[in-house]
Amino acid sequence: MTVAAPALATPETRRAISFDSTWLIWIAIIAVLLFLVVSPFIYLVVTSFTAEKTGGFTFANYLAAYGRARYVDALLNSLKLGAAAAALAGVFAIPLAWAVARTDMPGRGLTRMLVLMTFITPPYTGAVAWILLAGPNAGWLNRFFMLVTGAEAGPFNIYSFSGLALVIALYSFPYIFIFTTAALELVSSEMEDAANILGAGAWRTMRRVTLPLALPAILGGLIICFLEAIALFGSPAMIAIPARFNVVTTQLFQFFGNPVRVEVAAAYAMPLLGVTILLILIQRLMTRRKGFVALTGKGGDRRAIRLGPWRWAMFGYAMLVAALAVFLPYLFLIQAAFAKAWGRGFGLENISLRNFHFVLFEHATAAKSVLNSFLYAGVSATAVVILTLGVAYIVTRRLVPFGGILGFLCIAPFVIPGVVLAIGFYAAYAPPPLALYGTALILILAFTTRFLPIGYVNASAAIRSLNPEMEEAVRVLGGSRLTALRRVVAPLLKRSLLGAWLLIFIPATRELSAAIFLYGPNTKVASVMIFDMSEEGNFEYLAALALILQVLTLPLLWIGQKALGRDFMLRRNAT
Amino acid sequence: MKGLAGLAIAAVLAFAPVAHADIKALEEGAKKEGELTWYVAHYTSEGAEDLGRGFTEMYGVKVNVVRTTAQVAYQRLLQDLKNNQTICDVFSSTDVGHYVRLATEGRFEKYVPETENKILPTFRNFDPAGFYHTTSAGLVVLTYNSTKVKAEEAPKKWQDLLDIKWKGKVSTGHPGFSGYVGTWVLTMKNLYGWSYFDNLEKNKPQIGRSINDTVTALNAGERQVAAGADGSTLFSASRGNPLAVSYPTDGSVLIIAPSAIMKGTKHSNAARLFMEYLYSIEAAKINAKHFAIPLRPEVPSPPGAKPISEIKTIRPTVADIDKGIPEVIEQWRDTFGN
Amino acid sequence: MSKLVLKNVARRYGTVEAVADFSLELVPGEFVSLLGPSGCGKTTTLRMIAGFVPPSTGTIAMDGQQISSPSSVLPPEKRRMSMIFQSYAIWPNMTVGENVGFGLQVRRLSRGEIDRKVDAILDVVQMRNLKGRYPAELSGGQQQRVALARAIVVEPEVLLLDEPLSNLDANLREEMRFEIRRLHDEFKITTVYVTHDQSEAMVTSDRIVVMNKGRIEQIDAPHILYARPKSRFVAGFIGRTNFLEGSRQGSEVRFDGFSAAASGLEGANGTGGLLYSLRPQAIGLATQKPNGGHLAVEAEIAGRSYLGEYWDYQVKPLGAAKPLRVSTGPNAVFEIGSRVWLEIDPSAMVRVE
């Protein structure tokens with residue numbers, strides 16, 4: 001038998017083609033990354049030194065940005081807020097993570113599920129729920145307190161610094177939880193046994209062995225929490241304004257106000273950027289240090305630590321945290337969503353579907369904003385997955401020299417807070433020549449950039465898990481690289497790519513920090529819509545819309561869990 | 001009332017404005033354009049959405065209602081202009097200063113509605129040059145939660161809000177967002193000096209963003225008294241919420257809120273038709289339903305609202321608003337911290 | 001004409017020379033193994049032949065046409081070769097049939113043609129009944145057969161195998177060696193086989209290239225390689241051996257504990273140090289001094305191990321510093337400490353460098 005074989009091409013012709021196409025792809029990808037990552041960043045820096053009227057070089061923006069005590073106070077407030085929120089989140093997360101990862105506490109699966117619920121609750125939705133719960137006079141917690149004690153006033157005031165720190169901590173503690181469980185699950189029981197057999201008791205073992213091993217991961221989680229807190233826009237805007245203090249993000253938004261001072265905003269964004277870069281570097285150094293199993297070690301067998309009667313105390317604590325983050329907020333969000341007026345309570349006469357009807361059918365843009373959110377998130381997630389898959393492939397397979405640069409550019413947006421990224425995008429692409437102001441494209445591009453790091457981390461983990469021989473087998477049998485990608489790589493990575501897509505899509509449908517600066521009247525997304533509704537205190541409509549958004553997310557979670565396992569959103573590479 | 005009467009006379013004396021158009025032709029053109037975008041700070045969300053939907057039902061032209069606070073709408077518009085984008089077709093703010101500035105910069109298209117002579121004379125010919133026209137009017141008044149505060153205990157004049165007994169119980173909007181609140185703050189400053197707000201600060205008011213935030217705060221029992229808008233408060237009260245209005249003896253602050261067509265609009269027929277619509281009986285009825293002052297004499301005032309002729313009103317001059325509101329926003333931030 | 005010619009091929013990674021000055025010619029249908037310890041450069045050489053790695057210097061030609069040089073490399077998919085990988089690289093997303101048919105699909109054969117050829121080759125490797133299975137449902141040996149079938153069905157110009165049996169257990173490995181050779185005898189495909197297992201190489205190959213530290217030590221047929229190793233490395237790597245260091249003293253060569261006539265020894269007249277390899281099997285062991293022309297050396301049993309198929313004795317010539325290893329049949333039993341005679345055929349002593 002004979003096989004019709006293609007004639008051997010001469011090496012010379014092939015060489016020219018392969019040389020060119022590899023480089024063309026490299027150039028194309030680097031161009032895309034320059035456009036998405038580098039250019040907005042450069043525009044941000046340049047804009048901060050540009051005089052608004054003349055376009056010339058100036059330091060005036062910096063003077064304007066830091067020239068008032070109020071503006072500097074806002075910076076300090078942010079730092080304080082970040083520290084308070086991170087510390088509080090640590091108090092919530094670390095015991096829970098330990099209990100779930102290492103002990104025989106009952107309801108560990110339930111606890112994980114509740115942490116996941118917390119994780120997918122947008123911080124601004126949580127903030128609204130907490131306004132309903134802990135408004136100084138009308139909040140349900142205060143009303144309940146007054147009812148029970150007969151006091152004139154309740155003790156809780158969400159409109160305060162500590163109130164804001166609590167709300168932020170409640171919805172960012174899952175980051176610490178994820179980091180800590182990941183680390184603890186890599187500490188094998190054998191390591192603890194080794195300490196036990198040398199005479200160390202349970203507490204000493206915990207203190208000398210387990211905790212130090214997990215410490216870098218815990219600190220890493222705290223840092224991420226801190227950065228989340230200082231980069232957040234929605235919750236501070238809803239709570240800090242009535243509480244009468246400013247933070248960096250709300251101050252930045254004011255610089256976008258009347259008149260629009262992008263230049264000053266750019267100058268004002270610099271400390272936020274600087275702090276973020278510095279802390280991310282510290283975090284990386286910490287978790288990369290050798291000798292810690294947290295990142296690289298292989299977990300051996302793990303046995304659950306027996307807590308005895310304390311297991312119920314631990315369970316109680318887990319449920320307390322869950323009550324603060326999930327049960328109470330959702331109870332009152334649901335109440336508000338179905339209420340004629342939320343303050344009137346749970347009576348049957350107060351129940352109505354009016355809010356849903358208004359939001360879905362009467363409001364000109366609310367329903368469309370949800371569609372916009374899903375559309376933009378979908379396009380962005382797809383773009384990120386394709387782009388990062390390409391980059392991860394090129395980098396991992398070393399197809400081009402200096403591939404590392406591509407990888408670096410994909411990871412770089414991680415250090416740029418959403419608000420700062422948005423200002424960079426605004427400065428770079430809103431005005432002509434691109435004139436993307438108010439278009440869907442600018443939002444999609446910003447989301448794409450924002451979620452590149454998540455995509456890249458996942459894509460490169462996926463590619464690294466794939467034996468290159470799988471592709472070489474295709475090529476040696478006559479298939480091209482593209483055939484290998486299409487017939488072997490893509491089908492094998494289907495699941496992990498779907499996972500990456502969801503990990504981007506779900507947060508992208510909730511993104512507010514960047515969207516608030518970039519949306520246009522016709523490109524309003526659900527998060528901005530919810531924020532707008534909060535402006536008027538329309539908590540009933542707002543709650544209805546927020547619930548709709550949450551409910552629409554549930555099938556996606558289900559798909560993700562079917563394809564990738566129960567914990568797919570709570571894994572390390574999710575953050 | 002004197003100022004308004006003066007305006008009315010000016011309207012009568014004014015020359016027949018340019019650019020009158022045949023309504024039928026506008027309808028035809030608007031249908032082809034299919035939609036328009038309306039930046040609006042005048043009403044509550046529901047009121048604005050209702051008005052937009054009314055227009056769509058009448059003419060089959062879609063209205064993208066972008067309801068937000070005045071300063072946010074203006075900020076959005078400035079960004080549009082800065083980026084050479086004409087997204088907004090009709091601009092309806094509650095801060096008159098916006099119109100003065102935008103008109104000076106030549107941002108508006110001149111158009112005088114055919115039906116302007118059919119609205120209450122008080123509101124006619126607000127801008128003699130014909131760029132912007134009164135499309136909404138409302139009052140900032142004292143409002144309170146009627147289950148927590150008895151009518152006789154309710155504040156009667158603006159300075160009553162400074163009484164120590166309202167400590168932790170006052171609610172306001174934010175001049176940095178709301179045009180109503182900005183105009184109110186400016187009026188108070190003119191009447192009583194900035195010390196009014198230094199003292200108000202001592203009562204720790206809860207500061208929302210929109211003037212309509214006060215409705216929520218009072219409804220929920222979060223706060224008991226407020227400087228609120230009569231329309232949204234009475235509308236909410238009509239739905240069974242425990243709210244009441246007290247017209248201050250030293251004068252309710254009258255807000256004249258205009259609308260204008262943006263220059264370079266891509267939907268000029270629809271925009272003009274929309275201006276006509278805002279002066280129609282149908283629109284006036286929707287306004288009355290939401291307790292805004294109906295501009296057409298044919299439509300009666302909303303039930304429970306005092307006719308405007310029986311209310312003592314005060315308002316700053318247009319020039320004063322133009323210059324004063326940006327100032328009071330800064331002062332406010334210095335006093336209240338954000 | 002030669003099928004495949006590697007001329008002075010070298011591959012450097014930075015300052016590390018993975019392969020140096022490698023030259024080899026294969027005639028059509030020849031089966032050649034690259035044998036050496038890990039890190040000797042054999043896999044790099046194979047990957048240069050496949051086109052995955054460009055040579056730093058030198059050229060590779062197939063059928064007289066140059067396919068690799070430092071400046072231009074014909075990509076793997078244009079070489080009409082096929083390859084079996086250490087991991088088998090069976091695509092888990094395709095069935096056995098799809099895996100095997102893939103190369104034919106790429107070559108744009110008709111469906112019927114593909115089916116016919118896939119069935120035929122699956123018959124050859126006795127996997128026809130598992131055609132619809134997915135790889136995850138197959139054992140290691142079955143996966144190996146799929147990899148073989150997939151590689152052979154396209155009738156490649158050259159078949160490359162990269163340690164294909166290293167992941168199998170010992171029994172299966174032995175079975176697959178013969179299977180590979182059988183398939184080669186059936187299809188006569190020019191084959192390059194990389195392994196670190198000498199018996200694999202010896203069972204399958206026409207010639208073996210022994211490599212060490214990136215260089216070729218020796219290229220020869222298996223039996224010559226065993227009987228006539230050219231270097232200390234080859235002698236030590238292929239089978240077990242005794243290294244005997246000698247020095248010329250007059251007409252004799254003096255070794256540790258005995259001497260031999262220089263005239264009877266290969267290369268004893270040459271220059272340089274005299275190092276000989278003597279296989280344990282080539283030494284006789286007897287209680288009585290043997291008669292005949294062979295060298296007889298009196299010695300003592302210093303240690304022994306029984307391996308079932310043979311005895312492995314350590315025997316120390318009287319007065320020697322180190323013992324020699326001697327293999328005997330399982331029935332030749334000598335107690336430790338007993339006096340014996342070693343019988344050495346000088347012509348079995350191979351001078352190595």
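A. Geometry of the overall build of chain A. Regarding its fold elements, chain A presents 24 helices and zero strands. Its C-alpha atoms give chain A principal-axis dimensions of about 95 × 75 × 50 Å. Partitioning the contacts of chain A with sequence separation of at least 6, the portion at a separation of at least 24 is 77%. In the structure as shown, chain A presents an accessible area of about 22,400 Å², 69% of it carried by carbon and sulfur atoms. In chain A, 44 side chains carry a positive charge and 24 a negative one; their mean positions are 5 Å apart.

B. Local environment of the domain arrangement of chain B. Residue and element names in this part refer to chain B. Per the domain assignment, the segments of chain B are domain 1 (2-137 + 257-306) and domain 2 (138-253 + 315-336). The distance between the C-alpha centroids of domain 1 and domain 2 comes to 26 Å. At the interface, 24 residues of domain 1 touch 25 residues of domain 2. Carbon and sulfur atoms make up 63% of the surface buried where domain 1 meets domain 2, a total of about 1,900 Å² over both sides. Interface area lost by domain 1 to domain 2 is led by T69, Q71 and F291, which between them contribute 26%. In this structure, D322 and R101 form a salt bridge, with 2.8 Å as the shortest nitrogen-oxygen distance. Applying the counting criterion to the domain 1 and domain 2 interface returns six residue pairs in polar contact (both at pLDDT 80 or more). With four residues, the single largest contributor to the side of domain 1 that touches domain 2 is helix α5 (residues 96-104). A per-class count over the side of domain 1 that touches domain 2 returns ten nonpolar, eight polar and six charged.

C. Broad picture of a nonpolar patch on the surface. Residues and elements named next belong to chain A. Together, F41, I42 and V46 make up an exposed nonpolar region whose accessible area comes to about 250 Å². Structurally, the position occupied by V46 is in helix α1 (residues 11-48). Note on V46: relative accessible area 48%, which makes it partly exposed.

D. Summary view of the arrangement of the chains. Across the two pairs of chains that are in contact, the largest number of contacts falls between chains A and B. Here chain B and chain C are not in contact; the least distance found between their C-alpha atoms is 49 Å.

E. Main features of the interface of chain B and chain A. The interface is formed by 56 residues belonging to chain B together with 59 residues belonging to chain A. Here chain B packs against chain A, burying approximately 4,500 Å² in sum over the two surfaces, 43% of which is carbon and sulfur. Here chain B and chain A share seven salt bridges between them. One salt bridge connects A:R244 with B:E201, and the closest N-O pair in it is separated by 2.9 Å. The interface formed by chain B and chain A contains 17 residue pairs in polar contact (both at pLDDT 80 or more). Broken down by secondary-structure element, the contributors of at least two residues to the side of chain B that touches chain A are β1 (35-40), α3 (45-59), β2 (62-67), α4 (70-82), α5, β7 (206-207), α8 (213-219) and α12 (318-336) of chain B. At nine residues, the largest contribution of residues to the side of chain B that touches chain A is made by α4(B). Tallied by class, residues from the side of chain B that touches chain A come to 14 nonpolar, 24 polar and 18 charged.

F. Quick look at the environment of B:W194. Residues and elements named next belong to chain B. The topology assignment puts W194 in the loop between α6 (179-192) and α7 (195-202). On the basis of relative accessible area, W194 is assigned to the buried category, the value being 14%. For the pair W194 and L36, spaced 158 residues apart in sequence, the C-alpha to C-alpha distance is 41 Å. Not counting chain neighbours up to four residues away, the residues in contact with W194 comprise V185, K189, V328, Q331, W332 and T335. Engagement of the side chain of W194 in a polar contact is seen with the side chain of T335, the distance being 2.8 Å.

G. Examining the sheet that holds strand β8 (residues 190-195) of chain C more closely. Residues and elements named next belong to chain C. Ordered by their spatial adjacency, six strands build an open sheet running β6-β7-β8-β3-β9-β10, and the pairing between neighbours is mixed. Looking along the sheet, the strands with just one partner apiece sit at the ends: β6 (81-84) and β10 (215-220). Neighbouring strand axes in the sheet, compared pairwise and without regard to direction, differ in orientation by 15° on average. Relative to β10, strand β9 (residues 207-212) is paired through five bridges, and the arrangement is antiparallel. When the bridges of β10 are listed, V209 appears paired with I219. On the sheet, helix α4 (residues 140-152) packs against β6 and β7 (158-162) and is oriented at approximately 175° with respect to β6.

H. Structural view of helix α2 (residues 96-106) of chain C. Summarising burial for α2(C): eight of the eleven residues are buried, a large majority. Turning to α2(C), its buried residues number three or more, namely C:V96, C:G97, C:N99, C:V100, C:G101, C:F102, C:G103 and C:L104. The elements touched by buried residues of α2(C) are α20 (469-476) and α21 (481-508) of chain A together with α3 (111-124) and α4 of chain C. One or two steps after α2(C), the chain reaches C:R108, where phi turns positive at roughly 60°.

Parameters at a glance
- Residues numbered from 1 in each chain as written.
- Chains lettered and ligands numbered in written order.
- Predicted model: local features only at pLDDT ≥ 70, side-chain atom pairs only at ≥ 80, totals over all residues.
- Heavy atoms only, no water.
- Helix = DSSP H or I, 4+ residues; strand = E, 2+ residues; numbered from the N terminus.
- Contact = heavy atoms within 4.5 Å.
- Areas by Shrake-Rupley, 256 points an atom, 1.4 Å probe, with all protein chains shown as cover.
- Lys, Arg positive; Asp, Glu negative; His and termini not counted.
- Charge placed at Lys NZ, Arg CZ, Asp CG, Glu CD.
- Domains from an automatic or database assignment.
- Buried area = accessible area lost by both parts, 1.4 Å probe.
- Salt bridge = Lys/Arg side-chain N within 4 Å of Asp/Glu carboxyl O.
- Polar contact = N/O pair within 3.5 Å; in protein donor to acceptor, adjacent residues only side chain to side chain.
- Nonpolar A, V, L, I, M, F, W, Y, C, P; charged D, E, K, R; others polar.
- Patch = residues over 30% accessible without salt bridge, like charges linked within 9 Å, V, L, I, M, F, W, Y side chains within 5 Å.
- Buried < 20%, exposed > 50% of the residue type's maximum accessible area, 1.4 Å probe, protein only.
- Pairing = 2+ DSSP bridges.
- Axes fitted to C-alpha atoms, helices over the stretch in contact; angles between N-to-C directions.

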